[in-house]
Amino acid sequence: MEATVILARCPGTGELYGMRTERTPDGDWRRNWAFPVSARQANAEGYDKTQIRGTLRCEAGYPGCPYCGAANLVQCGRCGRLSCWAGRDTRSCPWCGARMGDFQEVSEVRVSGGDM
Ligand SMILES: [Zn+2]
Ligand SMILES: [Zn+2]
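All values derive from a computational prediction rather than experimental measurement. (Residues numbered from 1 in each chain as written. Chains lettered and ligands numbered in written order. Predicted model: local features only at pLDDT ≥ 70, side-chain atom pairs only at ≥ 80, totals over all residues. Heavy atoms only, no water.)

Trainee: Help me out: how do you make sense of the packing of aromatic side chains in this one?
Mentor: Describing an aromatic ring pair means giving the distance of the ring centres and the angle of the ring planes. The final tally for this structure, using the stated rule, is two aromatic pairs. Residues Tyr17 and Tyr67 carry aromatic rings whose centres are separated by 6.3 Å and whose planes lie at 70 degrees to one another, so their mutual orientation is edge-to-face. With Tyr17 in strand E2 (residues 16-23) and Tyr67 in the loop between strand E5 (57-58) and strand E6 (72-75), this pair connects stretches of sequence that are 50 residues apart. A relative accessible area of 31% places Tyr67 in the partly exposed class. Plain terms: the ring middles of Phe35 and Tyr47 are 6.1 Å apart, the flat faces sit at 75 degrees to each other, and that makes the pair edge-to-face. Taken together, the positions of Phe35 in strand E3 (residues 29-36) and Tyr47 in the loop between helix H1 (39-45) and strand E4 (52-54) put the pair twelve residues apart, joining distant regions of the chain. Phe35 gets classed as buried once you look at its relative accessible area, which sits at 18%. (Phe/Tyr/Trp six-rings, centres within 6.5 Å; stacked < 30°, edge-to-face > 60°. Helix = DSSP H or I, 4+ residues; strand = E, 2+ residues; numbered from the N terminus. Buried < 20%, exposed > 50% of the residue type's maximum accessible area, 1.4 Å probe, protein only.)

Okay, here's the thing in structure tokens:
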């Protein structure tokens, strides 16, 4: 089973977390775990370099964001980073500060590495 970790940031706290994802037999990716990480740890583990493409749906039992519990994700239209989506209260991207008023919940994302 191919598995990797992708990073997201929680808009409420600005904190990082990793989401463990596994590749399904049809080549899609499913999230099944989430855990807090520090920027240093993410960098050391190479989580910021992960590149995957898929719907990133959550499996049953996915615990949600470790800070706010949200299971849904949005992808920033400016920086392409992921953050959890807790609903209307999300106003700006916790990575780059772009306003998130028009954001949609992601259906398919292409995640690529880059600076934190
Ligand atoms: Zn969150
Ligand atoms: Zn952004």
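Alright, that's what it looks like, and here's the rest.
Trainee: Explain the coordination of the zinc ion (ligand 1) to me, please; I cannot follow it from the model alone.
Mentor: Reference values for angles at a metal are 109.5 degrees in the four-donor tetrahedral case and 90 or 180 degrees in the six-donor octahedral case. Donor atoms from the polypeptide that bind the zinc ion (ligand 1) are Cys10 (SG), Cys65 (SG), Cys68 (SG) and Cys84 (SG), placed at 2.2 to 2.3 Å. Note that the zinc ion (ligand 1) binds four donor atoms; their angles at the metal cover 106 to 112 degrees, and the shape is tetrahedral. Sequence spacing of the donor residues for the zinc ion (ligand 1), all on one chain, is C-x54-C-x2-C-x15-C. On the criterion of sequence distance, the pair formed by Cys10 in the loop between strand E1 (3-9) and E2 and Cys84 in strand E7 (residues 82-85) is long-range, its members being 74 residues apart. (Donors = N, O, S within 2.8 Å, 3.2 Å for Na, K, Ca; no water. Tetrahedral: all angles 85-135°; square planar, octahedral: opposite > 155°, others 65-115°.)

Trainee: Help me out: how do you make sense of the coordination of the zinc ion (ligand 2) in this one?
Mentor: Only Cys76 (SG), Cys79 (SG), Cys93 (SG) and Cys96 (SG) from the protein coordinate the zinc ion (ligand 2), and they sit 2.3 Å from it. Relative to the metal, the four donor atoms surrounding the zinc ion (ligand 2) lie at angles of 105 to 113 degrees, and the coordination shape comes out tetrahedral. Sequence positions of the residues that donate to the zinc ion (ligand 2) give the spacing C-x2-C-x13-C-x2-C. With Cys76 in the loop between E6 and E7 and Cys93 in the loop between E7 and strand E8 (109-111), the pair connects residues that are 17 residues apart, well separated along the chain. Of the two residues, Cys76 and Cys93, neither departs from the other in class, the shared state being buried.

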